[in-house]
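Single-letter residue listing:
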Amino acid sequence: MAEINVLLIGLGAVGAVYAYHLERSGRVKVTAVARSNYELVAGAGITLDTDRFGVVEHWRPSRVVKSQEEAFASGEVYDFGLITTKYVPDVVRTEATVASALSTGRVKAWSLIQNGLNVESGLSAALAGGAPLISSAAWVSTTGVDGGRRVVYRGVGLLVAGVYPPAAGRAVSADEEGALEMWAEIVRAGEARVEVTDRIDAVRYAKNVWNAVWSSVQGLVRDTPRALVGLPPAAREALRAFTREIVRVGFAAGLLAPGQTRYPAGGLVGDEESVVSGCFDYIMSTAGPDSHRMSLLVDIDNGRPIEVEGILGGVVELARAHAVDTPRLDLVYALLKGVQASLLREQ
């Protein structure tokens, strides 16, 4: 069976986890572009602290390079370009980040694993119907610690993948079908959970409800939901109303609807209020000392730009397009834009 070559751009925690899964398949060779962490990865490697595979010391992909140019210097052709960078289009757009690789024309298909909405649009336009584009929403608990020397990977995780533009309602090319099939196959072969969808836009929105609510709250409170446990009923209801606005936008846009598959737990989406309760009440009922720190809060902790446009900006855009009144969402978006400006000013 022919070796599958994957070019990885974005060797953070998520990139490391999925590079490990891909190479675990025995079928994939990953070439990772590591810029700021090149010396670390190429030298001692990364420690992967996992629930499923134990502690993997001194791990690195098959090949580590300093730049995209180096990755193509010997005429290499890649079956997939995998992008796992943060989606921060207000800082740098994805298509600009991968411009060098795009210019070669030697990547047969692209795969995105990023948070938020509209993450595919810029790259899709740059590809202009050429190489297939696979978009994946990831439910994965992973964090880089100790300056990136150790990646903590808890649980099993789930990747839901689909072609972009979404397959529902349009003809999908044979190249797109083949790319999606191959992507799902090699991810599964590496012992990661993956499911395929024809509505990746809807899957992304459903996942983003949780991000839009809880990343925003954590980013403004600068703490996990444990900080909210003692709030009076009126304050809790204000937060539920914020959640309700985000859910309502999804229903108005046709991206949430009763009967849709609910990831990652399974089951089906109910009405608006059941989605609000599922998001808000569940998190509040489990809030405590060990509550999960969302990646947006971790980025603030470390002085890095936050994914405010993907997580909130896309929801605001949809609200305007579908005439949904969202005063609380608008306020939170404005405040987090201020946080972003402050972070960028300090860099």
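Note that this is a predicted model, so its numbers are computed, not measured. (Residues numbered from 1 in each chain as written. Predicted model: local features only at pLDDT ≥ 70, side-chain atom pairs only at ≥ 80, totals over all residues. Heavy atoms only, no water.)

Focus: the overall build of the protein
- Looking only at helices and strands, one finds 13 helices and 10 strands in the protein.
- Whereas a compact globule of 347 residues would reach a radius of gyration of roughly 20 Å, the protein reaches 20 Å, a difference of no more than 12%.
- Principal-axis analysis of the C-alpha atoms gives the protein an extent of 60 × 45 × 40 Å.
- Looking at the protein residue by residue over its 347 residues, the buried ones come to 53%. (Helix = DSSP H or I, 4+ residues; strand = E, 2+ residues; numbered from the N terminus. Rg over C-alpha atoms; globule rule 2.2 N^0.38 Å. Buried < 20%, exposed > 50% of the residue type's maximum accessible area, 1.4 Å probe, protein only.)

What about the pattern of salt bridges?
- Across all of its chains, the model carries 25 salt bridges by this definition.
- Glu273 is the salt-bridge partner of Arg244, the closest N and O atoms lying 3.0 Å from each other. Taken together, the residues Arg244 in helix α9 (residues 233-252) and Glu273 in helix α10 (residues 272-286) connect sequence positions 29 residues apart.
- Judged by its relative accessible area of 33%, Glu273 is partly exposed.
- Across the pair Asp301 and Arg293 runs a salt bridge, and its minimum N-O distance is 2.6 Å.
- Assessed through its relative accessible area of 44%, Asp301 is described here as partly exposed.
- For Arg293, a relative accessible area of 31% corresponds to the partly exposed category. (Salt bridge = Lys/Arg side-chain N within 4 Å of Asp/Glu carboxyl O.)

Considerations on helix α1 (residues 13-24)
- Over its 12 residues, α1 extends 16 Å from the first C-alpha to the last, a length consistent with the 16 Å expected when each residue adds 1.5 Å.
- With 10 of its 12 residues buried, α1 lies for the most part within the structure.
- Listed in full, the buried residues belonging to α1 are Ala13, Gly15, Ala16, Val17, Tyr18, Ala19, Tyr20, His21, Leu22 and Glu23.
- In the segment just after α1, Gly26 is the residue with positive phi, at about 80 degrees. (Expected span 1.5 Å × (residues − 1).)

A word on α10
- Compared with an ideal rise of 1.5 Å per residue, which puts 15 residues at 21 Å, α10 spans 22 Å between its outermost C-alpha atoms and is within 8% of the ideal.
- The secondary structure elements touched by the buried residues of α10 are α8 (200-221) and α9. (Contact = heavy atoms within 4.5 Å.)

So, the nonpolar core
- Counting 43 residues, the largest nonpolar core has Val6, Leu22, Leu48, Trp59, Phe80, Leu159 and Trp183 as the members making the most contacts within it.
- Filtering out sequence-adjacent residues up to four positions away, Phe80 remains in contact with Ile4, Asn5, Val6, Leu7, Val107, Ala109, Ala179, Met182, Trp183 and Ile186.
- With 41 residues, the next largest nonpolar core counts Val217, Val247, Leu255 and Val324 among its residues. (Core = buried A, V, L, I, M, F, W, Y, C linked by side-chain atoms within 4.5 Å.)

A look at the packing of aromatic side chains
- Considering all chains together, one arrives at 7 aromatic pairs under this definition.
- Geometrically, the ring pair formed by Trp139 and Tyr263 is tilted, given 5.9 Å between the ring centres and 40 degrees between the ring planes. Residue Trp139 is located in strand β8 (residues 133-145), and its partner Tyr263 is located in the loop between α9 and α10; the two are separated by 124 residues in the primary sequence.
- For Trp139, a relative accessible area of 18% translates into the label buried.
- With a centroid separation of 6.2 Å and an interplanar angle of 65 degrees, the aromatic rings of Trp210 and Tyr282 are classed as edge-to-face. On the criterion of sequence distance, the pair formed by Trp210 in helix α8 and Tyr282 in helix α10 is long-range, its members being 72 residues apart.
- According to the relative accessible area criterion, Trp210 is partly exposed, its value standing at 33%.
- On the accessibility criterion, Tyr282 (47% relative accessible area) is partly exposed.
- Following the ring pairs from residue to residue traces out a cluster consisting of Tyr20, Phe53 and Trp59. (Phe/Tyr/Trp six-rings, centres within 6.5 Å; stacked < 30°, edge-to-face > 60°.)

Taken by themselves, the reported measurements are silent on function.
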